[in-house]
Amino acid sequence: MGMTARVLAVDAGNSKTDVAVVAADGTVLATARGGGFRPPAVGVEQAMDTLAEAVEQAFTAAGVTSVDRVSACLANADFPVEEETLAAALQARAWGTSVEVRNDTFAILRAGVTEPRGVAVVCGAGINCVGMRPDGRTARFPALGRISGDWGGGWGLSEEAMWHAARAEDGRGAATDLARALPAHFGLPTMYALIEALHLEQIEEIRRHELTPVLFATAAAGDPIARDIVARLADEVVTMATVALTRLGLLEEETPVLLGGGVLAARHPQLTDGIQDLLASRAPKAVPSVVTASPVLGAALLGLDAVGAPAEVHTRLRRHFEGRRSVVSGGSGPCV
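Reading the values: the criteria
Residues numbered from 1 in each chain as written. Predicted model: local features only at pLDDT ≥ 70, side-chain atom pairs only at ≥ 80, totals over all residues. Heavy atoms only, no water. Helix = DSSP H or I, 4+ residues; strand = E, 2+ residues; numbered from the N terminus. Buried < 20%, exposed > 50% of the residue type's maximum accessible area, 1.4 Å probe, protein only. Contact = heavy atoms within 4.5 Å. Areas by Shrake-Rupley, 256 points an atom, 1.4 Å probe, with all protein chains shown as cover. Lys, Arg positive; Asp, Glu negative; His and termini not counted. Charge placed at Lys NZ, Arg CZ, Asp CG, Glu CD. 1 Å grid on protein atoms, 1.4 Å probe; cavity = no way out; pocket = protein on both sides within 12 Å on 5 of 7 lines; lining within 4 Å. Points joined across faces, edges and corners; volume = space filled by probe spheres on them. Phe/Tyr/Trp six-rings, centres within 6.5 Å; stacked < 30°, edge-to-face > 60°. Lys NZ or Arg CZ within 6 Å of the ring centre and 35° of its normal.

## Quick word on the overall build of the chain
Reasoning step 1: When its secondary structure is counted, the chain shows 13 helices and 10 strands.
Reasoning step 2: Its C-alpha atoms put the chain at 70 × 45 × 35 Å along the principal axes.
Reasoning step 3: Put simply, the chain has 336 residues, and 51% of those count as buried.
Reasoning step 4: Long-range pairs, those at least 24 residues apart, make up 68% of the contacts in the chain between residues at least 6 apart in sequence.
Reasoning step 5: Accessible surface computed for the chain: about 14,900 Å², of which carbon and sulfur atoms make up 52%.
Reasoning step 6: Side-chain charges of the chain comprise 29 positive and 39 negative groups, with the mean position of each set lying 5 Å from the other.

Here is the structure:
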(Lines give C-alpha, C1' and ligand atoms only; values in the text may rest on other atoms or scores of the structure.)
Protein backbone atom coordinates (compact mmCIF):
# COMPACT_ATOMS: atom_id res chain seq x y z
CA MET A 1 0.00 0.00 0.00
CA GLY A 2 1.37 3.44 -0.92
CA MET A 3 1.99 6.32 1.41
CA THR A 4 -0.65 9.02 1.95
CA ALA A 5 0.29 12.71 1.79
CA ARG A 6 -1.74 15.52 3.31
CA VAL A 7 -2.73 17.76 0.36
CA LEU A 8 -2.81 17.58 -3.41
CA ALA A 9 -2.86 21.20 -4.59
CA VAL A 10 -4.08 21.93 -8.12
CA ASP A 11 -3.98 25.26 -9.94
CA ALA A 12 -5.48 24.64 -13.36
CA GLY A 13 -5.77 27.46 -15.86
CA ASN A 14 -6.77 27.57 -19.50
CA SER A 15 -3.15 27.39 -20.68
CA LYS A 16 -1.39 25.25 -18.04
CA THR A 17 -1.86 23.22 -14.88
CA ASP A 18 0.42 23.13 -11.83
CA VAL A 19 0.11 20.52 -9.08
CA ALA A 20 1.94 19.99 -5.80
CA VAL A 21 1.90 17.12 -3.31
CA VAL A 22 2.32 18.39 0.25
CA ALA A 23 3.16 16.40 3.39
CA ALA A 24 1.55 16.95 6.78
CA ASP A 25 4.48 19.09 7.95
CA GLY A 26 4.28 21.40 4.90
CA THR A 27 7.12 19.80 2.98
CA VAL A 28 6.54 19.78 -0.76
CA LEU A 29 7.08 16.18 -1.84
CA ALA A 30 6.73 16.79 -5.58
CA THR A 31 5.42 19.20 -8.20
CA ALA A 32 4.43 18.78 -11.83
CA ARG A 33 3.10 20.83 -14.71
CA GLY A 34 0.54 19.78 -17.29
CA GLY A 35 -1.56 21.17 -20.12
CA GLY A 36 -4.45 23.60 -20.00
CA PHE A 37 -7.72 22.78 -18.23
CA ARG A 38 -10.61 23.59 -20.58
CA PRO A 39 -13.80 21.66 -19.77
CA PRO A 40 -16.05 23.92 -21.89
CA ALA A 41 -13.94 23.17 -24.97
CA VAL A 42 -13.16 19.46 -24.53
CA GLY A 43 -15.62 18.17 -21.93
CA VAL A 44 -15.13 17.41 -18.25
CA GLU A 45 -13.69 13.91 -18.65
CA GLN A 46 -11.09 14.85 -21.24
CA ALA A 47 -10.12 17.86 -19.13
CA MET A 48 -9.71 15.51 -16.16
CA ASP A 49 -7.53 13.21 -18.27
CA THR A 50 -5.21 16.13 -18.98
CA LEU A 51 -5.13 16.95 -15.27
CA ALA A 52 -4.45 13.29 -14.46
CA GLU A 53 -1.18 13.32 -16.40
CA ALA A 54 0.29 15.97 -14.08
CA VAL A 55 -1.19 14.42 -10.93
CA GLU A 56 0.15 10.96 -11.70
CA GLN A 57 3.57 12.39 -12.48
CA ALA A 58 3.63 14.19 -9.12
CA PHE A 59 2.32 11.15 -7.22
CA THR A 60 5.02 8.97 -8.75
CA ALA A 61 7.76 11.47 -7.88
CA ALA A 62 6.42 11.80 -4.33
CA GLY A 63 6.02 8.06 -3.84
CA VAL A 64 2.36 8.33 -2.85
CA THR A 65 -0.91 7.02 -4.22
CA SER A 66 -3.42 9.33 -2.54
CA VAL A 67 -3.85 12.34 -0.24
CA ASP A 68 -6.15 13.36 2.57
CA ARG A 69 -7.34 16.51 0.80
CA VAL A 70 -7.56 17.61 -2.83
CA SER A 71 -7.56 21.42 -3.00
CA ALA A 72 -8.29 22.36 -6.60
CA CYS A 73 -8.49 25.92 -7.90
CA LEU A 74 -9.79 25.58 -11.43
CA ALA A 75 -10.46 27.84 -14.38
CA ASN A 76 -14.06 27.69 -15.62
CA ALA A 77 -15.41 26.98 -12.12
CA ASP A 78 -17.50 30.13 -12.19
CA PHE A 79 -20.78 28.98 -10.59
CA PRO A 80 -21.51 26.64 -7.66
CA VAL A 81 -23.05 24.09 -10.04
CA GLU A 82 -19.76 24.01 -12.00
CA GLU A 83 -17.76 23.60 -8.80
CA GLU A 84 -20.00 20.69 -7.79
CA THR A 85 -19.64 19.01 -11.19
CA LEU A 86 -15.87 19.35 -11.18
CA ALA A 87 -15.62 18.23 -7.54
CA ALA A 88 -17.60 15.10 -8.38
CA ALA A 89 -15.31 14.37 -11.31
CA LEU A 90 -12.25 14.80 -9.09
CA GLN A 91 -13.77 12.60 -6.40
CA ALA A 92 -14.31 9.88 -8.99
CA ARG A 93 -10.56 9.85 -9.68
CA ALA A 94 -9.98 8.79 -6.05
CA TRP A 95 -6.91 11.00 -5.62
CA GLY A 96 -8.00 12.12 -2.17
CA THR A 97 -10.35 11.36 0.68
CA SER A 98 -12.00 14.79 0.42
CA VAL A 99 -12.18 17.32 -2.41
CA GLU A 100 -12.80 21.05 -2.59
CA VAL A 101 -13.05 23.01 -5.83
CA ARG A 102 -12.80 26.79 -6.11
CA ASN A 103 -12.36 29.22 -8.95
CA ASP A 104 -8.67 29.67 -9.79
CA THR A 105 -8.73 33.33 -8.73
CA PHE A 106 -8.92 32.15 -5.10
CA ALA A 107 -5.47 30.56 -5.53
CA ILE A 108 -3.95 33.92 -6.40
CA LEU A 109 -5.67 35.56 -3.43
CA ARG A 110 -4.58 32.93 -0.91
CA ALA A 111 -1.02 32.91 -2.25
CA GLY A 112 -0.68 36.58 -1.36
CA VAL A 113 -2.02 36.68 2.21
CA THR A 114 -0.89 35.19 5.49
CA GLU A 115 -4.45 34.21 6.41
CA PRO A 116 -7.57 33.62 4.26
CA ARG A 117 -8.64 37.26 4.44
CA GLY A 118 -8.53 39.81 1.64
CA VAL A 119 -9.56 40.60 -1.91
CA ALA A 120 -7.83 39.75 -5.20
CA VAL A 121 -8.36 41.28 -8.62
CA VAL A 122 -6.86 39.34 -11.51
CA CYS A 123 -6.42 40.84 -14.95
CA GLY A 124 -4.97 38.49 -17.54
CA ALA A 125 -6.86 37.50 -20.67
CA GLY A 126 -10.02 38.40 -18.74
CA ILE A 127 -10.77 40.09 -15.44
CA ASN A 128 -12.07 38.64 -12.19
CA CYS A 129 -12.28 39.48 -8.50
CA VAL A 130 -12.81 37.38 -5.37
CA GLY A 131 -12.65 37.99 -1.65
CA MET A 132 -12.65 35.84 1.46
CA ARG A 133 -12.78 35.96 5.23
CA PRO A 134 -11.43 33.37 7.70
CA ASP A 135 -14.99 32.43 8.67
CA GLY A 136 -15.57 31.06 5.16
CA ARG A 137 -17.55 33.95 3.72
CA THR A 138 -16.61 34.84 0.16
CA ALA A 139 -17.38 37.48 -2.45
CA ARG A 140 -17.12 36.77 -6.16
CA PHE A 141 -18.39 37.64 -9.63
CA PRO A 142 -19.38 35.31 -12.50
CA ALA A 143 -16.62 36.87 -14.65
CA LEU A 144 -17.97 35.63 -17.98
CA GLY A 145 -17.33 38.80 -19.96
CA ARG A 146 -19.85 41.36 -21.10
CA ILE A 147 -22.84 39.10 -20.36
CA SER A 148 -21.94 39.26 -16.66
CA GLY A 149 -21.14 42.98 -16.68
CA ASP A 150 -17.36 42.73 -17.00
CA TRP A 151 -15.03 45.08 -18.81
CA GLY A 152 -11.27 44.76 -19.08
CA GLY A 153 -8.72 42.00 -19.27
CA GLY A 154 -6.16 41.76 -22.04
CA TRP A 155 -8.72 40.56 -24.57
CA GLY A 156 -11.14 43.37 -23.79
CA LEU A 157 -8.39 45.97 -23.85
CA SER A 158 -7.22 44.89 -27.30
CA GLU A 159 -10.80 44.98 -28.55
CA GLU A 160 -11.32 48.48 -27.14
CA ALA A 161 -8.04 49.70 -28.68
CA MET A 162 -9.05 48.25 -32.06
CA TRP A 163 -12.47 49.93 -31.87
CA HIS A 164 -11.01 53.38 -31.27
CA ALA A 165 -8.26 52.91 -33.85
CA ALA A 166 -10.70 51.79 -36.56
CA ARG A 167 -12.98 54.77 -35.96
CA ALA A 168 -10.05 57.18 -35.90
CA GLU A 169 -8.84 55.95 -39.27
CA ASP A 170 -12.19 56.12 -41.06
CA GLY A 171 -13.27 59.42 -39.52
CA ARG A 172 -16.00 58.26 -37.14
CA GLY A 173 -13.90 58.88 -34.04
CA ALA A 174 -11.23 61.07 -32.53
CA ALA A 175 -7.66 60.85 -33.77
CA THR A 176 -5.37 58.44 -31.90
CA ASP A 177 -1.87 57.08 -32.42
CA LEU A 178 -3.38 53.62 -31.93
CA ALA A 179 -4.50 53.79 -35.56
CA ARG A 180 -0.84 53.63 -36.59
CA ALA A 181 0.66 51.61 -33.72
CA LEU A 182 -1.72 48.63 -33.80
CA PRO A 183 -1.28 47.68 -37.47
CA ALA A 184 2.43 48.53 -37.30
CA HIS A 185 2.86 45.80 -34.68
CA PHE A 186 1.99 43.26 -37.38
CA GLY A 187 3.95 45.05 -40.11
CA LEU A 188 0.79 46.42 -41.73
CA PRO A 189 0.24 49.99 -42.96
CA THR A 190 -3.35 50.70 -41.89
CA MET A 191 -6.15 49.62 -39.59
CA TYR A 192 -8.10 48.60 -42.70
CA ALA A 193 -5.34 46.13 -43.52
CA LEU A 194 -5.26 44.81 -39.94
CA ILE A 195 -9.04 44.38 -39.81
CA GLU A 196 -8.96 42.52 -43.12
CA ALA A 197 -6.10 40.28 -41.97
CA LEU A 198 -7.91 39.36 -38.77
CA HIS A 199 -11.23 38.80 -40.54
CA LEU A 200 -9.67 36.53 -43.17
CA GLU A 201 -7.63 34.77 -40.47
CA GLN A 202 -4.36 35.74 -42.11
CA ILE A 203 -3.44 36.71 -38.54
CA GLU A 204 -4.60 34.19 -35.95
CA GLU A 205 -7.27 35.64 -33.69
CA ILE A 206 -5.34 34.53 -30.59
CA ARG A 207 -2.61 37.02 -31.52
CA ARG A 208 -4.94 39.90 -30.70
CA HIS A 209 -3.63 39.71 -27.14
CA GLU A 210 -0.32 41.07 -28.50
CA LEU A 211 -2.04 44.44 -28.94
CA THR A 212 -2.45 45.01 -25.20
CA PRO A 213 1.23 45.94 -24.63
CA VAL A 214 0.98 48.21 -27.68
CA LEU A 215 -1.96 49.98 -26.02
CA PHE A 216 0.04 50.57 -22.85
CA ALA A 217 3.09 51.80 -24.78
CA THR A 218 0.88 54.23 -26.71
CA ALA A 219 -0.67 55.46 -23.46
CA ALA A 220 2.77 55.93 -21.91
CA ALA A 221 3.72 58.08 -24.91
CA GLY A 222 0.84 60.40 -24.03
CA ASP A 223 -1.94 59.47 -26.48
CA PRO A 224 -5.22 60.72 -24.92
CA ILE A 225 -7.43 57.88 -26.22
CA ALA A 226 -5.02 55.19 -25.04
CA ARG A 227 -4.68 56.90 -21.67
CA ASP A 228 -8.47 57.00 -21.31
CA ILE A 229 -8.66 53.23 -21.86
CA VAL A 230 -5.99 52.60 -19.22
CA ALA A 231 -7.76 54.95 -16.81
CA ARG A 232 -11.00 53.06 -17.36
CA LEU A 233 -9.26 49.80 -16.48
CA ALA A 234 -7.92 51.31 -13.25
CA ASP A 235 -11.45 52.38 -12.39
CA GLU A 236 -12.83 48.92 -13.14
CA VAL A 237 -10.20 47.19 -10.97
CA VAL A 238 -10.95 49.49 -8.05
CA THR A 239 -14.72 49.20 -8.52
CA MET A 240 -14.54 45.39 -8.32
CA ALA A 241 -12.25 45.50 -5.28
CA THR A 242 -14.42 48.03 -3.46
CA VAL A 243 -17.61 46.06 -4.08
CA ALA A 244 -15.96 42.87 -2.80
CA LEU A 245 -14.63 44.66 0.30
CA THR A 246 -18.09 46.09 0.96
CA ARG A 247 -19.83 42.73 0.60
CA LEU A 248 -17.46 41.19 3.14
CA GLY A 249 -17.68 44.09 5.60
CA LEU A 250 -13.98 44.85 5.14
CA LEU A 251 -14.17 48.35 3.71
CA GLU A 252 -13.47 49.95 7.10
CA GLU A 253 -10.69 47.53 8.08
CA GLU A 254 -7.09 47.42 6.91
CA THR A 255 -7.33 44.67 4.31
CA PRO A 256 -4.96 43.29 1.64
CA VAL A 257 -6.02 43.88 -1.95
CA LEU A 258 -3.95 41.59 -4.16
CA LEU A 259 -3.38 42.34 -7.84
CA GLY A 260 -2.50 39.48 -10.17
CA GLY A 261 -2.46 38.38 -13.78
CA GLY A 262 -0.18 39.50 -16.58
CA VAL A 263 -1.69 42.95 -17.12
CA LEU A 264 -1.48 44.00 -13.46
CA ALA A 265 1.80 42.21 -12.74
CA ALA A 266 3.45 44.24 -15.53
CA ARG A 267 3.15 47.30 -13.27
CA HIS A 268 2.39 49.81 -16.01
CA PRO A 269 2.94 53.17 -14.24
CA GLN A 270 -0.30 54.86 -15.30
CA LEU A 271 -2.38 51.82 -14.36
CA THR A 272 -0.54 51.22 -11.09
CA ASP A 273 -0.77 54.87 -10.04
CA GLY A 274 -4.42 55.07 -11.08
CA ILE A 275 -5.36 52.02 -9.01
CA GLN A 276 -3.47 53.30 -5.99
CA ASP A 277 -5.04 56.79 -6.19
CA LEU A 278 -8.58 55.47 -6.65
CA LEU A 279 -8.21 52.97 -3.80
CA ALA A 280 -6.94 55.74 -1.55
CA SER A 281 -10.14 57.65 -2.31
CA ARG A 282 -12.73 54.86 -2.27
CA ALA A 283 -11.18 52.27 0.06
CA PRO A 284 -8.50 54.13 2.05
CA LYS A 285 -7.81 51.20 4.37
CA ALA A 286 -7.09 48.79 1.53
CA VAL A 287 -3.44 47.74 1.29
CA PRO A 288 -2.67 46.88 -2.35
CA SER A 289 0.21 44.71 -3.52
CA VAL A 290 1.10 42.70 -6.60
CA VAL A 291 1.13 38.92 -6.14
CA THR A 292 4.16 37.24 -7.66
CA ALA A 293 3.93 33.88 -5.88
CA SER A 294 2.88 30.78 -7.81
CA PRO A 295 -0.90 30.27 -7.60
CA VAL A 296 -0.41 26.58 -6.76
CA LEU A 297 0.95 27.82 -3.42
CA GLY A 298 -2.46 29.41 -2.81
CA ALA A 299 -4.26 26.17 -3.65
CA ALA A 300 -1.98 24.30 -1.23
CA LEU A 301 -2.53 26.86 1.53
CA LEU A 302 -6.30 26.55 1.10
CA GLY A 303 -5.90 22.80 1.51
CA LEU A 304 -3.89 23.27 4.71
CA ASP A 305 -6.52 25.74 5.97
CA ALA A 306 -9.19 23.07 5.46
CA VAL A 307 -7.31 20.42 7.47
CA GLY A 308 -6.47 22.82 10.29
CA ALA A 309 -2.70 22.80 9.78
CA PRO A 310 -0.75 24.99 12.25
CA ALA A 311 1.03 28.20 11.26
CA GLU A 312 4.48 26.64 11.08
CA VAL A 313 3.25 24.20 8.42
CA HIS A 314 1.97 27.11 6.31
CA THR A 315 5.32 28.87 6.76
CA ARG A 316 7.32 25.85 5.64
CA LEU A 317 5.15 25.48 2.55
CA ARG A 318 5.44 29.17 1.64
CA ARG A 319 9.22 29.09 2.02
CA HIS A 320 9.42 26.29 -0.52
CA PHE A 321 7.82 28.49 -3.18
CA GLU A 322 9.18 31.89 -2.17
CA GLY A 323 12.18 31.39 0.04
CA ARG A 324 12.03 33.92 2.85
CA ARG A 325 10.68 36.67 0.61
CA SER A 326 7.05 37.56 1.26
CA VAL A 327 4.62 39.05 -1.25
CA VAL A 328 2.34 40.31 1.49
CA SER A 329 2.44 44.03 1.98
CA GLY A 330 3.00 45.48 5.42
CA GLY A 331 0.63 47.74 7.24
CA SER A 332 2.52 50.94 6.64
CA GLY A 333 0.99 51.74 3.26
CA PRO A 334 0.35 50.57 -0.25
CA CYS A 335 3.06 48.81 -2.18
CA VAL A 336 1.55 48.30 -5.61
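## What to know about the layout of surface pockets
Reasoning step 1: A volume near 1,700 Å³ is recorded for the largest pocket.
Reasoning step 2: If you go around the largest pocket, you meet 45 residues; those closest to its centre are Asn14, Gly124, Ala125, Gly126 and Ile127.
Reasoning step 3: Listing elements by their share of the lining of the largest pocket, those giving two or more residues are β1 (3-12), α4 (105-111), β7 (127-132), α5 (153-170), α8 (211-220) and α10 (262-265).
Reasoning step 4: If one sorts the elements of the lining of the largest pocket by residue count, α5 sits on top with 5 residues.

## Considerations on the packing of aromatic side chains
Reasoning step 1: Scanning the model with the defined rule gives 0 aromatic pairs in all.
Reasoning step 2: The aromatic ring of Phe106 is capped on one face by Arg102, whose charged end is 5.3 Å from the ring centroid.
Reasoning step 3: Its guanidinium or amino end placed over the ring of Phe141, Arg247 lies 4.6 Å from that ring's centre, counting from NZ or CZ.

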